[in-house]
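# Notes for the structure review
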Amino acid sequence: MHEIVEKELDSKRGDFRIALVGNPNVGKSVLFGLLTGKYVTVSNYPGTTVEVSRGMYVGSSGTIEVVDTPGANSLISHSEDERVTRDILLKDTEKKILQIIDSKNLRRGLLITTQLAEMGLPVSICLNMWDETLDRGISVNTDKLQKTLGVPIKKTIATQNYGIGALKSSINSVKIPKIDINYGGDIEEGIKKIEELLPDDIAVKRRAIATMLLSYDEAIEETLKIDAQILERIHKIRDDAQNKFGHPLSYMISKRRIDYVDDLLEGIVSTKKEKKKPGVVLRNIFFFVIMPLVSFFVGFKVVDLFLFAIASYVVAGGQMALILKITGGAISVGFSSFYLFVREYRTNRKISSILGSLTMHPSMAWPILIVVLWGIYKIVGEFGAGDCVDFIENKIFGSSLERSGGFDFKVFIPFTRLEYVFTHVNFQGINYYLGLLTQKFMSADNIFFELFLGKDAGLIQVGITYSIAIILPIVGFFFLSFGIMEDSGYLPRLAVMVNRIFKVIGLNGKAVLPMVMGLGCDTMATLTTRILDTKKERIISTLLLALAVPCSAQIGVIAGILGRVSGVYFSIYIFVIFFQMLLVGYLSSKILRGTGSDFLMEIPPFRMPKISNILLKTYYRTK
Amino acid sequence: MADETQIEEMLECLWMVEEDNGKVERAVLEDKFGSEIADNVLRKMVEKRLINLHDSKVFLTETGRNRAKLIIRRHRLAERLLNDVLEIGDDAFEPSACQFEHFVNEEIIASICTLLGHPTVCPHGKQIPPGDCCLSAKKVLKPVVNPLSELRSGARAKIVYVTTKSHATLDRLSAIGVNPGLELIVHQKRPSIVIQFGETQLALDKDIAKDIFVRTIQS
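Residues numbered from 1 in each chain as written. Chains lettered and ligands numbered in written order. Predicted model: local features only at pLDDT ≥ 70, side-chain atom pairs only at ≥ 80, totals over all residues.

## What to know about the overall build of chain A
When helices and strands are tallied, chain A shows 27 helices and 11 strands. A principal-axis box enclosing the C-alpha atoms of chain A has dimensions of 85 × 70 × 55 Å. Across the 623 residues of chain A, 39% fall into the buried class. Nonlocal contacts in chain A, meaning residues at least 24 apart in sequence, comprise 72% of its contacts between residues at least 6 apart. (Helix = DSSP H or I, 4+ residues; strand = E, 2+ residues; numbered from the N terminus. Buried ≥ 20, exposed ≤ 12 C-beta atoms within 10 Å, placed from the backbone. Contact = placed C-beta atoms within 7 Å.)

The structure is reproduced here in structure tokens:
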């Protein structure tokens, strides 16, 4: 089966290949989708692309194969992602590189360009997220940059489909960037000596391989399958060179590169002191109306949930409780307004970046987190697992022998108990009509009727109905809310907050992605443990996913049971699960050998999520 | 007095050769100082019980080691001071540091050490032997160079050096662009440290942050 797929790919192979290369979270996957029309999961979380996707498009010069690579900050491999990307560049001979740079972070992007130039690969550069760069008052002199580097440079806004045409045509005029870095006497000497030892059949320039070998990159030795004897001589050269420096060679090399890029950028990037004032009206509405309302709600809800957890609905609904809740809300408004007016009101920061800071603020982030979790529970647990499941199960599918009675198509008018009924839909359920149809051929006592449409164990009546009616809405709504958290940039901020707790269980904040995803589907979450750096962390997180994190279908059942009893039991449940997770994690981090890794993570900007992407992503994940 | 300077130079050289190779051959010293001077100085040092000679090898005695430690410490702290605070370039600070080490006393060097935030390595990445001030680490003087983890949030700072032992962490940091010379703002300190430079926000562990030494910039 596997071979057939390979063959098909080969026969369809394009005239030449383009590899999309760039830092994490710069929009490679969005561009891949735009170029090839194929969807790969896109999100605002670094390291979403864990596998290499390939696709085709027909350009002006024939069929072109496009390869999407995982994000890399450097082509010296520090992580699996970087290794995968680097190996792609080393393997194929005939290819062009489309480098994607987040134009706000030009410096970091050009650091990769220096390495591509060293490999001698033809490059075209795409400055993506041009809109965000303009918003921040950063201007880039692209003409000058283009002249200095000697490669085509195009500005794009991938999410708005801007500049894609020009980008496609720039692929025809790729050039090797004009970058030449001198690493200084001792290192240069080492490079020269290693170059002479390298085998002939290398697809890229030897100089690049030599610097990688000097940087103690052991993965490349494996990739190139260098002869053991030669390798020994290379190691000798490397160690000799290293002895001349107190700092690691890899550090010396990348420092040279950064210095080179900094010199290059002089006079190309400038930031305007006076940033464009964001809309004054919107800003005032945000500060004087939206934020007080939201913070009141947050305070109110936190007290409400607290009362619910320690007592029950009864107490949480009493008059005393109402006073407490309003007090909670008032304190919250006071505190957040004070913070906002003192710290943010006069600054020119954008609203989205203020929100970004708030969601990882040492004290204010926690109530926000509680309310976010409550919101997800409402959407997934109550609306998805409750209302939607009821509706689909009873009204859409119905029962084979009974009429469901149809349903009203209506709207609720908010804040009142009124509702407006448009029309009554007289639909009795799919199973009912199937039952009617089948009864034309056989009686309801027939064994086949029992087998497929029986009330207690019929394959259609119970099997198909339950799998669609129960699983689909729960999983669907979970991934919908997960998608919003992911694309807005809330998840990485969550990672910042839980890092300390996760340290106790031998993980770090990065593990928040698989853990939260596990609330939706443990299998998918286990796949995403790939983003963690060490094997030990992957084992611990997989263990915890299997043991402690309930998936959305389980949550549905649990919520169904616990919803009928007092909140105390619910808090006992949460406490037990949480305690179990801490205990098992703590013990396994002590028992398992290997090391954890340090937490070092980029926080992407807070953005307004794109609805279309979230819906698309939900569709692909539930499929 | 000239003898003392020569002895100090010799002790310094002995320490550094031993640090790199683990042992000192007499021939190495003769290469460096000329055989006549080396013989002369080594003899005086044996008299003063600073070294022992075994065959062709030279060993520091306890007294000799303690004295060499202080000299090395003075030299490397001088390098740090000239390089980090006065921002004298790579090649220029070395000869000055060599002169510096002979005329500063322990009290001054303790102040410099405190001022620099008790650094552990020199600009070349070699160990600085800790003095009494580092061990008690009393912050009488407010240090100019601090670990990133000790800055308050909102502070603006420039990275002076990164001392992390782990190559992997160092490589990852430099790949993202966190290198000496980078200007950054501490965005927040809890629950995790978040720094901002350019348009990048980076969250990092306290363990990493305490190995990044920065000089605060008054804005």
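## Quick look at the interface of chain A and chain B
Contact residues are listed per partner, giving 33 residues for chain A and 29 residues for chain B. Contributing elements (two or more residues each) for the side of chain A that touches chain B: helix 4 (106-119), helix 12 (249-265), helix 21 (490-504) and strand 11 (600-603) of chain A. At 5 residues, helix 12 of chain A tops the list of elements feeding residues into the side of chain A that touches chain B. Note: strand 11 of chain A against strand 8 (residues 200-204) of chain B, 4 bridges, orientation antiparallel. Note that in strand 8 of chain B the partner of isoleucine 603 of chain A across the bridge is glutamine 201 of chain B. (Pairing = 2+ DSSP bridges.)

## Observations concerning the packing of helix 13 (residues 280-310) of chain A against helix 15 (residues 319-344) of chain A
Residues and elements named next belong to chain A. Packing of helix 13 against helix 15 brings their axes to within 7 Å, and their N-to-C directions diverge by 140 degrees. As far as their axial angle goes, helix 15 and helix 13 are oblique. The handedness of the crossing between helix 13 and helix 15 is right-handed. In this structure, helix 13 uses Phe287, Met291, Pro292, Ser295, Phe296, Val298, Gly299, Phe300, Val302, Val303, Asp304 and Leu307 to contact helix 15, whose residues at the interface are Ala321, Leu324, Lys325, Ile326, Gly328, Gly329, Ile331, Ser332, Val333, Ser336, Ser337 and Leu340. In terms of residue class, the contact of helix 13 with helix 15 is made up of 15 nonpolar, 7 polar and 2 charged. (Axes fitted to C-alpha atoms, helices over the stretch in contact; angles between N-to-C directions. Parallel < 35°, antiparallel > 145°, perpendicular 65-115°, else oblique. Left-handed = near helix turned anticlockwise from the far one by under 90°. Nonpolar A, V, L, I, M, F, W, Y, C, P; charged D, E, K, R; others polar.)

## Some points on the sheet that holds strand 7 (residues 153-155) of chain A
All names here are of chain A. Here we have 6 strands laid out as an open sheet, ordered 2-3-1-4-5-7, and mixed in their pairing. The open sheet has two edge strands, strand 2 (53-59) and strand 7, and neither has a second partner. Averaged over neighbouring strand pairs, the angle between their axes works out to 25 degrees when direction is ignored.

## Some thoughts on the sheet that holds strand 4 (residues 145-147) of chain B
Taken in spatial order, the 7 strands make up an open sheet running 11(A)-8(B)-7(B)-6(B)-5(B)-9(B)-4(B), and their pairing is antiparallel. The sheet terminates laterally at strand 11 of chain A together with strand 4 of chain B, the two strands that pair on one side only. Strand-to-strand twist across the sheet, computed as the mean angle between neighbouring axes with direction ignored, equals 40 degrees. Contacting strand 11 of chain A together with strand 7 (193-197) and strand 8 of chain B, helix 21 of chain A crosses the sheet at an angle of about 140 degrees to strand 11 of chain A.

## Focus on the environment of proline 367 of chain A
All names here are of chain A. Tracing the sequence through the fold places proline 367 in helix 17 (residues 365-397). Among the residues examined, proline 367 registers 20 C-beta atoms within 10 Å and is labelled buried. For proline 367 and leucine 213, which are 154 residues apart along the polypeptide, the C-alpha to C-alpha distance reads 49 Å. Among all residues touching proline 367, those that are not within four sequence positions of it are Val298, Gly299, Val302 and Ser332.

## Regarding the confidence of the model for chain A
Predicted coordinates in areas of low pLDDT are best not read in detail. Predicted confidence across chain A gives a mean pLDDT of 79, with 91% of residues reaching 70 or more. Throughout residues 1-12 of chain A the model reports pLDDT below 50, and contacts reaching past four residues in sequence, or to other chains, amount to 1 contact. (pLDDT = per-residue confidence, 0-100.)

## Thoughts on the packing of helix 4 of chain A against helix 12 of chain A
Residue and element names in this part refer to chain A. Helix 12 packs onto helix 4 with a crossing angle of 120 degrees between their chain directions and a minimal axis gap of 9 Å. The angle between helix 4 and helix 12 places the two elements in the oblique class. As for the relative orientation of helix 4 and helix 12, their crossing is right-handed in sense. Mapping the contact onto sequence places Leu106, Arg107, Leu110, Leu111 and Thr114 in helix 4 and Arg257, Ile258, Tyr260, Val261, Leu264 and Leu265 in helix 12. For the contact of helix 4 with helix 12, a count of residues per class yields 8 nonpolar, 1 polar and 2 charged.

## What about the nonpolar core?
Residue and element names in this part refer to chain A. Residues Leu20 and Leu214 are the most contacted members of the largest nonpolar core, which totals 162 residues. No other element matches the 9 residues that helix 20 (residues 459-488) contributes to this core. Every residue in contact with leucine 214, bar those within four places of it in the chain, is listed here: Ile187, Gly190, Ile191, Ile194, Arg238, Ala241, Leu249 and Ile253. (Core = buried A, V, L, I, M, F, W, Y, C linked by C-beta atoms within 7 Å.)

## Overview of the domain arrangement of chain B
Residues and elements named next belong to chain B. Domain assignment breaks chain B into domain 1 (2-60), domain 2 (66-136) and domain 3 (145-216). Each of domain 1 and domain 2 has a C-alpha centre, and these two points are 22 Å apart. On the side of domain 2, 6 residues touch domain 1, which itself brings 8 residues to the contact. The element that contributes the greatest number of residues to the side of domain 1 that touches domain 2 is helix 1 (residues 2-21), accounting for 6 residues. (Domains from an automatic or database assignment.)

## Some details on unusual backbone geometry
Glycine aside, the phi torsion of most residues is negative, and most peptide linkages are trans. Even without glycine at this site, asparagine 25 of chain A takes up a positive phi of about 60 degrees. As for its placement among the helices and strands, asparagine 25 of chain A is situated in the loop between strand 1 (16-22) and helix 2 (28-36). Positive phi, normally seen in glycine, also occurs at arginine 49 of chain B, with a value near 60 degrees. Assignment of secondary structure puts arginine 49 of chain B in the loop between helix 3 (35-47) and strand 2 (51-54). Overall, the presence of 11 C-beta atoms within 10 Å leaves arginine 49 of chain B in the exposed class.

## Quick look at the pairing of strand 10 (residues 419-425) of chain A
Residue and element names in this part refer to chain A. Buried residues are scarce in strand 10, accounting for 0 of its 7 residues. With 6 bridges connecting them, strand 9 (residues 407-412) and strand 10 associate as antiparallel partners. Following the sheet pairing, lysine 410 is matched in strand 10 by valine 421.

## Regarding helix 5 (residues 93-103) of chain B
All names here are of chain B. The set of residues buried in helix 5 consists of Phe93, Ala97 and Glu101. The buried residues of helix 5 occupy one face: seen down the axis, they fall within an arc of 75 degrees. Within helix 5, the exposed residues directed more than 90 degrees away from the buried face are Pro95, Gln99 and Phe103. Residues of helix 5 that are buried in the fold lie against helix 4 (62-85). (Arc of directions from axis to C-beta.)

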